[in-house]
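Single-letter residue listing:
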Amino acid sequence: IGFFVGLFARRLKVPALVGMVLVVIILGPLAADLIDPNVLAASAPLRTIAVMVILMKAGLGLDREKLVQQGTVALRLGFLPATCEALIIAVVAMWIFKFDFATGLLLGCIVGAESPAVIVPGMLRLKSLGWGVSKGIPDAILTGSALSDVLLLLVFSLLLNFLGQGATGLTLPFGLTINAFVLLPIQIICQIVLGILIGLITAKILVLLLTKQKWTQNAVQETLVAASFALLLVVLAENLPIFSGYLAVMVTGFFLIEFDAPLARKLRSGFDSLWTIAQIILFVLLGASIQIQVLEKT
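(A) Seen up close, the overall build of the chain. Looking only at helices and strands, the chain has 13 helices and 2 strands in total. Every one of the 298 residues in the chain was classed for burial, and the buried ones make up 40%. Long-range contacts, defined here as pairs at least 24 residues apart, represent 70% of the contacts in the chain between residues at least 6 apart. For the chain, the exposed surface amounts to about 16400 Å²; the carbon and sulfur share of it is 70%.

Below you can see the structure in the form of structure tokens.
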């Protein structure tokens, strides 16, 4: 039903995700309650898979020459808007809601985050239409959006841990202690650098297995192997939070283009097909998980 309502919404010149989310709000626990609770319980891992697919699509759609042409534009798009937005919201929240700075910054990370499920298809569509391609605008926005999400997700998780456990920082030998907020920039840089490095290594492994060793027999198997490696990166990052799994997935797709362009083209087609299914799962489960009743408590 979500798929067909999404098609109907697209005919009305409305993004398909709007139709999918709205119809599932009606069919979900808030109204008709027709969705099996077991489906809702499995929503988190399914949404993770869907986000992995769209990030891999983004990486496979990047153009190195356009990024080089842009210089530091992508980096500035990734860090400056997200940082300014989060800080301004934190200050405003301290004034309006009487939050402390850490809680206000937590709210800023929530409001400032961008959905790759919205940004990536939009920018890839612009590339297919040829809009802004000569100036590298879609590539810069794709890269900047990924870096922005990495920054905000990392700050959000660290702040959540800081507020929840009352962490004071890192204790060093001789009784020295580093404040948690001082550690924040170091952790951000570590996650980004290691995410890029691990993505590079994963791309090399995929080229070795799929092209040189020829472990697979067709494009479908190649897509499944690449998707499995990408999902492994996301799962490892959740259990070993020293690198950004989402950035590593996107970087893997980017370096696949550099190392083996024919393989990258086949994988791009395969992930396009996977996204057709994954977007339904992502937006439908997103609509089913919305809890509008919490507004009654505020």
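So, next bit.
(B) Representation of the pattern of salt bridges. All told, the structure shown has 3 salt bridges when counted by the stated rule. The partner of lysine 127 in a salt bridge is aspartate 139, with the nearest N and O atoms 3.0 Å apart. Separated by 12 residues along the polypeptide, lysine 127 in helix α8 (residues 116–129) and aspartate 139 in helix α9 (residues 137–165) bring together distant segments of the chain. The class of lysine 127 is partly exposed, set by a relative accessible area of 22%. Since its relative accessible area comes to 1%, aspartate 139 is described here as buried. Here lysine 266 and glutamate 222 are joined by a salt bridge, their closest N and O atoms 3.4 Å apart. In this pair, lysine 266 is assigned in helix α13 (residues 261–289) and glutamate 222 in helix α11 (residues 219–239), connecting sequence segments 44 residues apart.

(C) Focus on the packing of aromatic side chains. Under the definition given, this model contains 4 aromatic pairs. In this arrangement the basic side chain of lysine 204 is found over the ring face of phenylalanine 259, its NZ or CZ atom lying 4.5 Å from the centre.

(D) Up close: the layout of surface pockets. Space inside the largest pocket adds up to approximately 1300 Å³. Lining the largest pocket are 42 residues; nearest its centre among them are Val51, Asp149, Leu153, Leu154 and Tyr246. For the lining of the largest pocket, the elements supplying multiple residues, two or more each, are α4 (43–60), α7 (101–112), α8, α9, α10 (180–212), α11, α12 (245–259) and α13. Examining the composition of the lining of the largest pocket, we find that 12 residues originate from one element, α9, more than from any other. Residues belonging to the lining of the largest pocket are distributed by class as follows: 29 nonpolar, 9 polar and 4 charged. Around the second largest pocket, the lining is made up of 20 residues, and of these Arg10, Pro121, Gly122, Arg125 and Gln279 lie nearest the centre. Secondary-structure elements contributing two or more residues to the lining of the second largest pocket are α2 (16–27), α8 and α13.

(E) Broad picture of the confidence of the model for the chain. Per-residue confidence for the chain gives a mean pLDDT of 81; residues scoring 70 or more make up 89%. Of all helices and strands in the chain, the one with the weakest mean pLDDT is strand β1 (residues 169–171) (50), whereas α11 scores best (90).

(F) Geometry of the side chain of aspartate 260. As for its position among the elements, aspartate 260 is in the loop between α12 and α13. Among buried Asp, Glu, Lys and Arg side chains, aspartate 260 stands out as unpaired, with arginine 265 the closest opposite charge at 7.1 Å. Polar contacts involving the side chain of aspartate 260 include one to the side chain of threonine 211, which spans 2.8 Å. Here leucine 263 takes part through its backbone nitrogen, which lies 3.2 Å from a polar atom of the side chain of aspartate 260. The contacts of aspartate 260, once residues within four sequence positions are left out, are Val207 and Thr211.

(G) Representation of α7. For α7, which comprises 12 residues, the first-to-last C-alpha distance of 16 Å matches the rise-based estimate of 16 Å (1.5 Å per residue) to within 8%. Between the side-chain oxygen at the start of α7 and the backbone nitrogen of alanine 102 there is a gap of 3.1 Å, and the oxygen is on aspartate 100.

(H) Examining the packing of α11 against α12 more closely. Direction vectors running N to C along α11 and α12 enclose 160°, while the axes themselves pass 8 Å from each other. The pairing of α11 with α12 is recorded here as roughly antiparallel in orientation. The interaxial crossing formed by α11 with α12 has right-handed handedness. Contact with α11, carried on its side by Ala230, Leu233, Val234 and Ala237, involves Gly245, Tyr246, Ala248, Val249 and Thr252 of α12 and no other residues of that element.

(I) Spatial organisation of the environment of glutamine 279. Among the secondary structure elements, glutamine 279 is positioned in helix α13. Linking glutamine 279 and isoleucine 54, residues 225 residues apart in sequence, is a C-alpha distance of 8.5 Å.

About the criteria used
- Residues numbered from 1 in each chain as written.
- Predicted model: local features only at pLDDT ≥ 70, side-chain atom pairs only at ≥ 80, totals over all residues.
- Heavy atoms only, no water.
- Helix = DSSP H or I, 4+ residues; strand = E, 2+ residues; numbered from the N terminus.
- Buried < 20%, exposed > 50% of the residue type's maximum accessible area, 1.4 Å probe, protein only.
- Contact = heavy atoms within 4.5 Å.
- Areas by Shrake-Rupley, 256 points an atom, 1.4 Å probe, with all protein chains shown as cover.
- Salt bridge = Lys/Arg side-chain N within 4 Å of Asp/Glu carboxyl O.
- Phe/Tyr/Trp six-rings, centres within 6.5 Å; stacked < 30°, edge-to-face > 60°.
- Lys NZ or Arg CZ within 6 Å of the ring centre and 35° of its normal.
- 1 Å grid on protein atoms, 1.4 Å probe; cavity = no way out; pocket = protein on both sides within 12 Å on 5 of 7 lines; lining within 4 Å.
- Points joined across faces, edges and corners; volume = space filled by probe spheres on them.
- Nonpolar A, V, L, I, M, F, W, Y, C, P; charged D, E, K, R; others polar.
- pLDDT = per-residue confidence, 0-100.
- Lys, Arg positive; Asp, Glu negative; His and termini not counted.
- Polar contact = N/O pair within 3.5 Å; in protein donor to acceptor, adjacent residues only side chain to side chain.
- Expected span 1.5 Å × (residues − 1).
- Axes fitted to C-alpha atoms, helices over the stretch in contact; angles between N-to-C directions.
- Parallel < 35°, antiparallel > 145°, perpendicular 65-115°, else oblique.
- Left-handed = near helix turned anticlockwise from the far one by under 90°.

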